[in-house]
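# Residue-level structure breakdown
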Amino acid sequence: MNAEMNVVPYIDVMLVLLIIFMVTAPLLTQGIDVELPEADAANITQGEEPITLSVSRDGQLFLNVGENRSSALSDDEVVQQAGAIARNKPQEMFLVEGDAKVPYEAVARGMSLLQTAGVKKIGFVTSPTTQKKR
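In what follows, the accompanying structure is described.

Reading the values: the criteria
- Residues numbered from 1 in each chain as written.
- Predicted model: local features only at pLDDT ≥ 70, side-chain atom pairs only at ≥ 80, totals over all residues.
- Heavy atoms only, no water.
- Helix = DSSP H or I, 4+ residues; strand = E, 2+ residues; numbered from the N terminus.
- Buried < 20%, exposed > 50% of the residue type's maximum accessible area, 1.4 Å probe, protein only.
- Contact = heavy atoms within 4.5 Å.
- Areas by Shrake-Rupley, 256 points an atom, 1.4 Å probe, with all protein chains shown as cover.
- Salt bridge = Lys/Arg side-chain N within 4 Å of Asp/Glu carboxyl O.
- Pairing = 2+ DSSP bridges.
- Axes fitted to C-alpha atoms, helices over the stretch in contact; angles between N-to-C directions.

The next subject is the overall build of the protein chain. Assigned secondary structure in the protein chain consists of 3 helices and 4 strands. Going from N to C terminus, the protein chain has its helices and strands arranged as α-β-β-α-β-α-β. Residues counted as buried form 27% of the 134 residues belonging to the protein chain. Taking the contacts inside the protein chain whose residues are at least 6 apart along the sequence as the reference set, 66% of them involve residues at least 24 apart. Carbon and sulfur atoms make up 56% of the accessible area of the protein chain, which totals about 10,000 Å².

With that out of the way, let us pick up the pattern of salt bridges. Here the structure, examined in full by the defined rule, presents 2 salt bridges. Across the pair aspartate 99 and arginine 57 runs a salt bridge whose closest N-O atoms are separated by 3.5 Å. Of this pair, aspartate 99 sits in the loop between strand S3 (93–98) and helix H3 (104–116) while arginine 57 sits in the loop between strand S1 (51–55) and strand S2 (61–63), and the two are 42 residues apart along the sequence. Take aspartate 99: its relative accessible area is 5%, and that puts it in the buried class. The closest approach of N and O atoms between arginine 109 and aspartate 75, which form a salt bridge, is 3.4 Å. Taken together, the residues span a long stretch of sequence, with arginine 109 in helix H3 and aspartate 75 in helix H2 (residues 75–88) at a distance of 34 residues.

The strand order across the open sheet formed by 4 strands is S2-S1-S3-S4, and the pairing between neighbours is mixed. Strands with a single pairing partner mark the edges of an open sheet, and in this sheet they are S2 and strand S4 (121–124). If you compare each strand with its neighbour and ignore which way they point, the axes differ by 25° on average. Two elements, S3 and S4, share 4 bridges in a ladder whose sense is parallel. Within S4, the position partnered with phenylalanine 94 by the bridge is isoleucine 122. On top of the sheet, H2 reaches S1, S2 and S3; it is set at about 25° to S2, its chief contact.

Geometry only, nothing functional implied.
Written out as structure tokens, the structure is:
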């Protein structure tokens, strides 16, 4: 007599779970569609998701914190939320991602709001360049 455990049903269940997670994972990501400018720069690595202020093509501001990430924030709301984070984590880096087509004034306004909130470290998000332009 040989007592063996049949693992085939467990493998089937694991494959079904893998397919379910592969299908649902892309649906869980939320964000604002921003066409980033390209630049040659080194990547910044952080342990957790960085706090990002997104400036959409029409100049609206979005923060990737809180419950309602996909709704535009007023200037006062940006200052309040960023200020609360800056008071709790004074060395936290905030990233600013502006659409490539947005006027520079809108990005500068977002940076000014972060400075008003007390943020000490501000970085920019860009896409890596695809080809060298000469």
